[in-house]
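Residues per chain, in single letters:
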Amino acid sequence: MKTMIPVFNIKRQNKEIGEKLKKEIEKVVEGGLYILGPNVGEFEKGFARYLGVKYAVGVASGTDALSLALLACGVNPDDEVILPANSYPSSFAITAIGAIPKLVDIEKDTFNIRPSQISRVITKKAKAIMPVHLYGQPADMDKIMVIARKYNLKVVEDCAQAHGAMVKVMNKELRIENYGRGNEKSNQSALENWKKVGTIGDVGCFSFYPTKNLGAFGDGGMVVTNNPDIYEKLKLLRMYGEKGRYNSILVGRNSRLDELQAAILLVKLKYLDKWDERRREIARLYFSLFEEEAVKAKVVLPYGASNVWHVYHLFVIRIKKRSELKKYLEKYGIQTAIHYPVPIHLSPSMRFLGYMEGDFPESESAAEEVLSLPMFPELADEEVKKVAQAVIKFYEKS
Ligand SMILES: Cc1ncc(COP(=O)(O)O)c(C=O)c1O
């Protein structure tokens, strides 16, 4: 059957803002400057302001953002970087620079790294922790920062799925000054101690892959930091290590956000809060539709802690009989996805890390039970209801 309710659909967003985007794209084409021009600079400033951070550097992808951030933090080949065992895409940013992913299991409820297990994997080779704010839900940054400071590790936040997500920071040391606020909808006192993800660790990394909460028309990424040394290093690293044209002082690479993507992202940045708010509204609707006790017993809903502002990049339920449900929903024209079916240590490419099945039980059971339901800002309430009804019907029958 033809898919009627997609898990994600960019065309509806294009319909809403397509004309504005076309105008900006045309301007870039006519301007004739396609790499590191005014749009990239303006978007870097705008994004930094939105997050409340001093510096931002546009790069070619989220993976590159993470790799370059690690390099700028002094991570070398064979150094170890600690990350959650379920965040499949993040691991490739570590191996890309010859560093070693050191895995930690996840919390059952949030799917994020379990802080209480981090210190056991820290060796002399450990250089950084990479918390991943998976599905749009912030990781437990308070605890992670305490561990990082104790062992002198850098913290590189993977915010690829969490543009605009916030954490209520309890640790006094972390409540440092904010450099701006993008969140005009809430009053200042209510926002006290709330920080956007990406601004808590040493560096924050974002992806603008088209499906993300803030997505481009191709690949793109951003690294943000309050540290001027890291910032200067990042600017060198993204362009051959050049300090001035053809004066390469550091072994760098070519990884730049391009002008077209920056112009598109500048338009979309204005909508980010509205889109995140709509995602949260859709999540609330799903929650209310799955309210019944009998359903709740079979469908584990996303966990929303009170000290985080979840931006629901994905709406991930946890269920038994996943493949049957997936097929059943497909039959009714409802598309779903799995993020991710394989934990890092069980990927054939990562066998060299030497882990075995059973090493990270929570990540392994999540890989077998998670299912992403349709979630994007343009999804209609009626569609959400149809999805929920179909899921409920499946479990009533089985
Ligand atoms: C959590 C996470 N980290 C890293 C990445 C990599 O980003 P990109 O696809 O822009 O390289 C992604 C995107 O898939 C992601 O979801």
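This text gives an overview of the structure that appears in the document. (Residues numbered from 1 in each chain as written. Predicted model: local features only at pLDDT ≥ 70, side-chain atom pairs only at ≥ 80, totals over all residues. Heavy atoms only, no water.)

1. Here we look at the overall build of the chain
- Across its full length, the chain carries 12 helices and 12 strands.
- Rg of the C-alpha trace for the chain: 21 Å, near the compact-globule value of 21 Å for 398 residues, within the 12% margin.
- For the chain, the spread of C-alpha atoms along the three principal axes comes to 70 × 55 × 45 Å.
- Partitioning the intrachain contacts of the chain with sequence separation of at least 6 by distance along the chain shows that 75% fall at a separation of at least 24.
- Accessible area of the chain: about 17,800 Å², with a carbon and sulfur share of 53%.
- Seen as two clouds, the 58 positive and the 49 negative side-chain charges of the chain have centres 1 Å apart. (Helix = DSSP H or I, 4+ residues; strand = E, 2+ residues; numbered from the N terminus. Rg over C-alpha atoms; globule rule 2.2 N^0.38 Å. Contact = heavy atoms within 4.5 Å. Areas by Shrake-Rupley, 256 points an atom, 1.4 Å probe, with all protein chains shown as cover. Lys, Arg positive; Asp, Glu negative; His and termini not counted. Charge placed at Lys NZ, Arg CZ, Asp CG, Glu CD.)

2. Here's the deal with the state of the cysteines
- Inspection of the entire model under this criterion finds 0 disulfides.
- Looking at the unpaired Cys205, the closest cysteine sulfur is the one in Cys159, lying at 6.9 Å.
- Here Cys205 falls in the buried class, since its relative accessible area comes to 1%. (Disulfide = S-S within 2.5 Å. Buried < 20%, exposed > 50% of the residue type's maximum accessible area, 1.4 Å probe, protein only.)

3. A few points about unusual backbone geometry
- In this structure, the amide linkage connecting His339 to the following residue, Tyr340, adopts the cis form with an omega of 10 degrees.
- Relative to the assigned elements, Tyr340 resides in the loop between helix H10 (322–331) and helix H11 (361–369).
- Although it is not a glycine, Tyr135 adopts a positive phi angle of roughly 65 degrees.
- You will see that Asn152, though not glycine, has its phi angle at about 60 degrees, which is positive.
- Mapping Asn152 onto the fold places it in the loop between helix H5 (141–150) and strand S5 (154–158).
- Under the relative-accessibility criterion, Asn152 is labelled exposed at 69%.

4. So, a nonpolar patch on the surface
- On the surface, Val29, Tyr34, Ile35, Leu36 and Leu260 cluster together into a nonpolar patch covering about 390 Å² of accessible area.
- Assignment of secondary structure puts Leu260 in helix H7 (residues 259–269).
- Leu260 sits in the partly exposed class, given a relative accessible area of 30%. (Patch = residues over 30% accessible without salt bridge, like charges linked within 9 Å, V, L, I, M, F, W, Y side chains within 5 Å. Salt bridge = Lys/Arg side-chain N within 4 Å of Asp/Glu carboxyl O.)

5. What about the packing of helix H3 (residues 62–72) against helix H4 (residues 88–95)?
- Contact pair H3 / H4: the axes reach a minimum separation of 8 Å and the direction vectors enclose 45 degrees. Comparing their axes, H4 and H3 come out oblique. Between H3 and H4 lies a crossing whose hand is right-handed. Counting all contacts with H3, which are made through Thr63, Leu66, Ser67 and Leu70, the residues of H4 involved are Ser90, Phe92, Ala93 and Ile94.
- Classifying every residue of the contact of H3 with H4 by side-chain character gives 5 nonpolar, 3 polar and no charged. (Axes fitted to C-alpha atoms, helices over the stretch in contact; angles between N-to-C directions. Parallel < 35°, antiparallel > 145°, perpendicular 65-115°, else oblique. Left-handed = near helix turned anticlockwise from the far one by under 90°. Nonpolar A, V, L, I, M, F, W, Y, C, P; charged D, E, K, R; others polar.)

6. Here's the deal with the sheet that holds strand S7 (residues 194–196)
- Reading across the sheet, the 3 strands line up as S7-S6-S10 and stay open at both edges, with antiparallel pairing between neighbours. Looking at the sheet topology across the chains shown, the edges are occupied by S7 and strand S10 (308–309).
- Pairing analysis gives 3 bridges linking strand S6 (residues 166–168) to S7, with the strands arranged antiparallel. Within S7, the residue paired with Lys168 across the bridge is Trp194. (Pairing = 2+ DSSP bridges.)

7. Focus: H3
- With 9 of 11 residues buried, H3 lies mostly within the body of the structure.
- A side-chain oxygen of the first residue of H3 lies 3.4 Å from the backbone nitrogen of Thr63; this N-cap is Ser61.
- In the stretch just after H3, Gly74 is the one whose phi turns positive, near 90 degrees. (Polar contact = N/O pair within 3.5 Å; in protein donor to acceptor, adjacent residues only side chain to side chain.)

8. Observations concerning the site of the ligand
- Near the ligand you find 14 residues, and of these Gly62, Thr63, Asp158, Gln161 and Ser207 are the closest.
- In this structure, an oxygen atom belonging to the ligand sits 2.9 Å away from a side-chain N or O atom of Gln161.
- Here Ser207 contributes a side-chain N or O atom positioned 2.7 Å from an oxygen atom of the ligand.
- Summarising the interface, the protein chains cover 88% of the accessible area of the ligand, which totals 380 Å² for the free molecule.
- Sorting the residues of the shell around the ligand by element identifies H3 and H4 as the ones contributing at least two each. (Near = heavy atom within 4 Å.)

9. Comments concerning the pairing of strand S8 (residues 203–207)
- Counted residue by residue, S8 has 5 buried out of 5 residues, so it is predominantly covered.
- Across the two faces of S8 the burial is the same, with Val203, Cys205 and Ser207 and Gly204 and Phe206 all buried.
- With 3 bridges joining them, S5 and S8 adopt parallel strand pairing. Among the inter-strand pairings, Val156 is bridged to a residue of S8, identified as Val203.
- Two elements, S8 and strand S9 (residues 221–225), share 5 bridges in a ladder whose sense is antiparallel. By the bridge assignment for S9, Cys205 is matched with Val223.

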